Amino acid sequence: MPSPVVFTPDMEQISPDEQQTINAINKAMDYILKTTYKDYGFPVRSVHAKSHSILTGTFTVHDHLPPHLAQGIFQTPQQYCAIMRFSTNPGDILDDKVSTPRGCAIKIFDVEGERLPDSQGQVQDFIMVNGPVFKSPTLRHFLRGLIPTAATTDKAEGLKIALSTVLQTVEEGLEKVGVQSVALAGLGGQPPTSVIGENFFSQVPTLYGPYIAKYRLIPVSSDLLAKKNQKVDLEGKPNGLRDDNIDFFQTHGGMWHFQVQLCVDIEKMPVEDPTVEWDESLSPFVTVATLQVQPQVAWDEARSQRVDDHMSFSPWHGIAAHRPVGAIMRARKSAYANSADFRSTHNAEPIQQPRCPFHFDD
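For the protein, the name recorded in an unreviewed UniProt entry is Catalase, with Enhydrobacter aerosaccus as its organism.

Trainee: How should the packing of aromatic side chains be read in this particular structure?
Mentor: By convention here, two paired aromatic rings are described through the distance between centres and the angle between planes. Applying the stated criterion across every chain, the model contains 16 aromatic pairs. Residues Phe59 and Phe258 carry aromatic rings whose centres are separated by 5.3 Å and whose planes lie at 70° to one another, so their mutual orientation is edge-to-face. Remark: Phe258 occurs in strand S8 (residues 254-262) and Phe59 occurs in strand S1 (residues 50-61); sequence separation between them is 199 residues. Its relative accessible area of 0% is what places Phe258 among the buried residues. Arranged with centres 4.7 Å apart and planes meeting at 55°, the rings of Phe126 and Phe258 form a pair that is tilted. Of this pair, Phe126 sits in strand S4 (residues 123-129) while Phe258 sits in strand S8, and the two are 132 residues apart along the sequence. Accessibility classification places Phe126 together with Phe258 in one group, the buried group. Ring pairing ties together the aromatic residues Phe59, Phe74, Phe126, Tyr208, Tyr215 and Phe258, which thus form one cluster. Across from the ring centre of Phe313, 4.7 Å away, lies the NZ or CZ of Lys107, which sits over that ring. For Arg242, the ring lying beneath its charged end belongs to Trp299, and the centroid distance is 3.8 Å.

Trainee: Can you walk me through the pairing of S8 in this structure?
Mentor: Regular strands have side chains that alternate between both faces of the sheet. Of all 9 residues that make up S8, 7 are buried, and the element is covered over most of its length. Summarising the sheet, strand S7 (residues 211-219) and S8 pair through 7 bridges and their orientation is antiparallel. Each residue of the ladder has a partner; that of Tyr215, found in S8, is Val260.

Trainee: Just to check I follow, could you spell out the pattern of salt bridges for this structure?
Mentor: When charged atoms on two side chains of opposite charge get close, those side chains can pair. Applying the stated criterion across every chain yields a total of 14 salt bridges. Arg216 is paired through a salt bridge with Glu280; the nearest N and O atoms lie 3.6 Å apart. Pair noted here: Arg216 is in strand S7 and Glu280 is in the loop between S8 and strand S9 (286-293), with a separation of 64 residues, a long-range link. Under the relative-accessibility criterion, Arg216 is labelled buried at 13%. When its relative accessible area of 36% is taken as the criterion, Glu280 is described as partly exposed. With its nearest N and O atoms 2.7 Å apart, the salt bridge here joins Lys227 to Asp244. You can see Lys227 sitting in the loop between helix H5 (222-225) and helix H6 (240-251) and its partner Asp244 sitting in helix H6, a full 17 residues away along the chain. The pair formed by Lys227 and Asp244 is uniform in burial state, with each residue classed as buried. Several salt bridges converge on common partners, so that one network encompasses Glu12, Glu18, Glu272, Arg323 and Arg330.

Trainee: Just checking my understanding: could you explain the side chain of Ser312 for this structure?
Mentor: Tracing the sequence through the fold places Ser312 in the loop between helix H7 (301-309) and helix H8 (327-347). According to the relative accessible area criterion, Ser312 is buried, its value standing at 4%. Beyond its immediate chain neighbours, meaning those up to four positions away, Ser312 contacts Arg45, Lys107, Gln120, Asp125, His317, Ala340, Arg343, Ile351 and Gln353.

Trainee: Would you explain the packing of helix H1 (residues 18-40) against H8 in this entry?
Mentor: Contact geometry of H1 with H8 gives a least axis separation of 10 Å together with a crossing angle of 30°. In terms of orientation, H1 lies roughly parallel with respect to H8. Crossing handedness for the pair H1 and H8: right-handed. Between H1, through Glu18, Ile22, Asn26, Asp30, Leu33, Lys34 and Tyr37, and H8, the contact on the second element is made entirely by Ala327, Arg330, Ala331, Ser334, Ala335, Asn338, Ser339, Phe342 and His346. Each residue belonging to the contact of H1 with H8 can be placed in one class, and the counts come to 7 nonpolar, 5 polar and 4 charged.

Trainee: I would appreciate a short explanation of the layout of surface pockets in the present structure.
Mentor: Leftover empty space is mapped by rolling, across the atoms, a probe with the size of a water molecule. Estimated volume of the second largest pocket: approximately 280 Å³. Of all the elements in the fold, those that place two or more residues in the lining of the second largest pocket are S1 and H7. The element that contributes the greatest number of residues to the lining of the second largest pocket is H7, accounting for 5 residues. When its residues are assigned to classes, the lining of the second largest pocket shows 7 nonpolar, 4 polar and 8 charged.

Trainee: How should unusual backbone geometry be read in this particular structure?
Mentor: One non-glycine residue with positive phi stands out, namely Asp110, at about 60°. In this fold, Asp110 is placed in the loop between strand S3 (102-109) and S4. Even without being a glycine, Asp118 presents a positive backbone phi close to 70°. Along the chain, Asp118 turns up in the loop between S3 and S4.

Trainee: What is the right way to look at the environment of Gly113 in this model?
Mentor: For Gly113, the position within the fold is in the loop between S3 and S4. Residue Gly113 is classed as partly exposed on the basis of its relative accessible area, which comes to 42%. Taking the C-alpha atoms as reference points, Gly113 and Ala320, separated by 207 residues in sequence, lie 7.7 Å from one another.

Trainee: Where do I start with the nonpolar core in this structure?
Mentor: In globular proteins that are soluble, nonpolar side chains generally tend to be buried together. Of all hydrophobic cores here, the largest spans 42 residues; its most connected members are Phe59, Phe74, Met84, Ile106, Tyr208, Leu217 and Phe258. Every element with two or more residues in this core is listed here: S1, strand S2 (79-88), S3, S4, S7, H6, S8 and S9. Residue contacts for Phe74: discarding those within four places in its chain leaves Phe59, Val61, Leu65, Leu69, Phe126, Tyr208, Phe258, Val288, Ala289 and His322. Counting residues in each nonpolar core, the second largest holds 15 residues, with Ile25, Phe134, Leu139 and Val204 among its members.

Reading guide: rules and limits
Residues numbered from 1 in each chain as written. Predicted model: local features only at pLDDT ≥ 70, side-chain atom pairs only at ≥ 80, totals over all residues. Heavy atoms only, no water. Phe/Tyr/Trp six-rings, centres within 6.5 Å; stacked < 30°, edge-to-face > 60°. Helix = DSSP H or I, 4+ residues; strand = E, 2+ residues; numbered from the N terminus. Buried < 20%, exposed > 50% of the residue type's maximum accessible area, 1.4 Å probe, protein only. Lys NZ or Arg CZ within 6 Å of the ring centre and 35° of its normal. Pairing = 2+ DSSP bridges. Salt bridge = Lys/Arg side-chain N within 4 Å of Asp/Glu carboxyl O. Contact = heavy atoms within 4.5 Å. Axes fitted to C-alpha atoms, helices over the stretch in contact; angles between N-to-C directions. Parallel < 35°, antiparallel > 145°, perpendicular 65-115°, else oblique. Left-handed = near helix turned anticlockwise from the far one by under 90°. Nonpolar A, V, L, I, M, F, W, Y, C, P; charged D, E, K, R; others polar. 1 Å grid on protein atoms, 1.4 Å probe; cavity = no way out; pocket = protein on both sides within 12 Å on 5 of 7 lines; lining within 4 Å. Points joined across faces, edges and corners; volume = space filled by probe spheres on them. Core = buried A, V, L, I, M, F, W, Y, C linked by side-chain atoms within 4.5 Å.

Spelled out as structure tokens, the structure:
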């Protein structure tokens with residue numbers, strides 16, 4: 001593999017209207033927060049509002065990593081306490097038949113190192129979704145798609161279910177001929193398969209010590225692999241994906257590999273265009289840690305209250321060695337913080353970043 005590219009500040013290109021665009025994105029997100037709060041009577045996230053499972057586990061950094069991979073939290077072999085939160089993308093809590101992209105957020109506790117500005121707690125968060133690339137090339141493109149999404153928040157759920165069903169049929173047809181559409185999946189064409197068999201990707205980069213990296217989480221234990229592409233019966237089951245998670249983790253644990261892909265060519269693996277999939281033939285994903293969970297209660301009200309209501313996840317919660325880079329990541333900083341502040345204010349309780357060990361019923 002070629003040598004990894006050393007990051008320099010000029011690799012980030014900040015457009016003259018970036019802050020104006022970020023302000024408009026925050027305004028649209030705020031509309032989602034206020035609309036769902038009015039409808040539900042309690043605050044939820046502006047994105048990934050609905051959780052399907054909330055798991056505790058261990059995140060183990062591998063030993064004998066080569067110097068270019070032994071960076072940041074991966075510098076020293078160590079085992080951390082971790083939380084995994086599986087979710088789906090919308091900012092409203094929808095029937096699972098509206099099948100949209102899935103997310104996996106990981107929070108690692110008691111992490112040493114220089115903190116990012118405004119980072120909450122001694123944690124490192126990783127935010128991932130089940131697709132390798134982001135659907136919008138720029139913040140302006142993202143805003144154009146966000147505005148109609150915000151305008152339809154928590155409206156016409158029956159129409160959303162009908163549209164999702166049609167798009168899933170189209171997506172299945174594309175997959176039979178070897179084509180997957182990120183756009184269709186984002187609109188509701190995500191196949192109605194189990195969440196926990198998915199691969200998850202950071203899509204956008206962070207620093208990796210002096211280098212630049214994207215992340216991937218892949219299931220490796222046989223029970224998880226058996227869930228890959230497994231259809232879930234959602235008929236008459238608005239929380240069918242969550243039920244599937246609860247049933248599985250009641251009797252099964254799971255193991256995932258956490259992988260890193262380093263940028264080795266800044267032209268072919270750009271920082272600012274998240275729609276470009278970094279070529280694995282140039283730089284393959286390499287496993288640097290293992291995430292493992294034991295059988296447990298995957299979701300209940302106590303877990304939801306502790307994590308959905310009183311914790312926040314952000315790529316800006318972490319150490320300077322893994323600082324997010326690129327316009328999408330810059331926009332996420334204030335958007336995620338505003339969402340957390342909204343929930344904190346309306347729950348009349350501060351967002352918590354506890355240390356390990358912890359219990360959901362404390």
